[in-house]
Amino acid sequence: MSESTGWVLLVWLGSCLGCYVIGRARGAPLLGLLLGLLCGPLGLLLILLIDRRPVCPVCHGRLIFAAAYQQGGPKCCPHCKARLRWRSARDPHSAAAVYFGNGPMIAEAEPTTDN
Ligand SMILES: [Zn+2]
């Protein structure tokens, strides 16, 4: 293996790792990894165009969503402090939900109850 081949391989692997890390922060880790594998350094630019994080229904700010939440993301928007509740994008009784799980979670504004 020549020295230049080694450098290309190193840059490609670094791009894969970078794409995965950025994709994970934006809710698309596998897509990030795939872009890194297929496009190399160009994948780093492409993954920056993709953002699958859920948005606040009130201010449309991006919300942090981690798989660790399972049932959803934050209870209140970090931008506008609106109270949020989370629901599955899929009807829980649909065939898709039965076979593929709940799917992506969507934030809804919780109605205010203060009088
Ligand atoms: Zn908000």
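Since the model is a prediction, treat every value here as computed from it, not as a measurement.

> Just to check I follow, could you spell out helix α2 (residues 29–39) for this structure?
Those residues of α2 lying buried are Gly32, Leu35 and Gly36. Considered in projection along α2, the buried side chains sweep an arc of 100° and stay on one side of the axis. Exposed residues pointing more than 90 degrees away from the buried face of α2 are listed as Leu30 and Leu38. Among the residues trailing α2, Gly40 stands out with phi positive, at a value near 65°.

> Is there a simple way to think about the confidence of the model for the chain in this case?
Counting all residues, the mean pLDDT for the chain is 85, and 86% of those residues have values of 70 or more. Per-residue pLDDT, averaged within each element of the chain, yields its smallest value for helix α4 (residues 95–100) (71) and its largest for helix α3 (residues 41–47) (95).

About the thresholds
- Counting starts from 1 at the beginning of each chain's written sequence and moves along it residue by residue.
- Local features in a predicted model are, by the rule used here, given only for residues with pLDDT of at least 70; side-chain atom pairs are given and counted only at 80 or more, and totals for whole chains, interfaces and linings are based on all residues.
- Exposure criterion: with C-beta atoms placed from backbone coordinates, a residue whose C-beta has 20 or more other C-beta atoms within 10 Å is buried, one with 12 or fewer is exposed, and one in between is partly exposed.
- A run of H or I in DSSP counts as a helix once it spans at least four residues, and a run of E counts as a strand once it spans at least two, with each numbered from the N terminus.
- The directions from the helix axis to the C-beta atoms are what the arc is built from.
- A score from 0 to 100, pLDDT tells how confident the predictor is in each residue.

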